[in-house]
Amino acid sequence: MSDTKNLLIIVNTTEAANQYASYVIAFMAKKLGNVPNVTIFYGPNAVSMVKKGELAKLEIPQNVKELIAGQLDGLSASDLPDNLEQMARFQKDQLGVTIASCATFHVIGGFASSVDDTSNIEDFVVPVQLPNAWGALDGADKILYF
């Protein structure tokens, strides 16, 4: 078991590989590492990924499902979702992974009118303001950066 209690995974690129990797690492932390608190946080360069429909565009092809499942005991390719939106929802609902993004950069990115505007972001994403973003950084035992 890991000594890590609070893992923060910062995704700061829209590159598909980094998106996939962040969710695989979150899954591994919860399932294999038994890390109680795992957060995927979309940083300034990646907040566009939390706009409605963006993660759904990143499909998980069958060969990738087989590649991942083949490395984890008890997991089959058919257990894996078809895209990253479904993966995010599963991880939030079933594993308790928090998925967050910086609301300030929603406004700067032009898809929110204020830090409280959630009309254009996925409903499973927690928009955080600057003090809470700092709190996540400060409270993390480990920070991984993608």
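Before reading further, recall that the structure is shown in the block above.
The structure presented is a predicted model; accordingly, all values stated were derived computationally and were not measured.

S.K.: Would you explain the overall build of the chain in this entry?
M.R.: Regarding its fold elements, the chain presents 5 helices and 5 strands. Along the chain direction, N to C, the helices and strands of the chain fall in the order β-α-β-α-α-β-α-β-α-β. What you see for the chain is a C-alpha radius of gyration of 15 Å, in line with the 15 Å of a compact globule of 146 residues. In terms of overall dimensions, the chain has a C-alpha envelope of 45 × 35 × 25 Å along the principal axes. In the chain, of all internal contacts separated by at least 6 residues, the share reaching a separation of at least 24 is 74%. The centroid of the 10 positive side-chain charges in the chain is displaced by 2 Å from the centroid of its 16 negative side-chain charges.

S.K.: Where do I start with the pairing of strand β1 (residues 6–11) in this structure?
M.R.: Here is the key point about a regular strand: its side chains alternate between the two faces of the sheet. Counting buried positions over the 6 residues of β1 gives 5, a clear majority of the element. One ladder, built from 6 bridges, connects β1 with strand β2 (residues 37–42); its direction is parallel. Within the sheet, the bridge partner assigned to asparagine 6 lies in β2 and is asparagine 37. The handedness of the β1 to β2 crossover, carried by helix α1 (residues 16–31), is right-handed. Pairing between β1 and strand β5 (residues 142–145): 4 bridges, direction parallel. The partner of isoleucine 9 across the bridge, within β5, is leucine 144.

Thresholds applied
- Note on numbering: residues in each chain are counted from 1, in written sequence order.
- With the structure being a predicted model, the display of local features is reserved for residues of pLDDT at least 70 and the display and counting of side-chain atom pairs for 80 or more, all residues being used for whole-chain, interface and lining totals.
- Side-chain calculation: all heavy atoms of the structure are included, whereas hydrogens and water are not.
- Helix and strand labels come from DSSP, where a helix needs a run of H or I of at least four residues and a strand needs a run of E of at least two; each type is numbered from the N terminus.
- For the radius of gyration, the atoms used are the C-alpha atoms, and the globule rule reads 2.2 Å times the number of residues raised to 0.38.
- Residue contacts are defined here by distance: any two heavy atoms, one from each residue, within 4.5 Å place the two residues in contact.
- This count recognises Lys and Arg as positive and Asp and Glu as negative, with His and chain-terminal groups excluded.
- Working definition for charges: the position is that of NZ of Lys, CZ of Arg, CG of Asp or CD of Glu.
- The buried label goes to any residue with under 20% of its type's maximum accessible area, the exposed label to any with over 50%, and the partly exposed label to all in between, with areas taken from a 1.4 Å probe on protein chains only.
- A strand pair is defined by DSSP finding two or more bridges across the two strands.
- By definition, the crossover connecting two strands over a helix is right-handed if that path, from the first strand to the second, turns clockwise as seen with the strands pointing away from the viewer.

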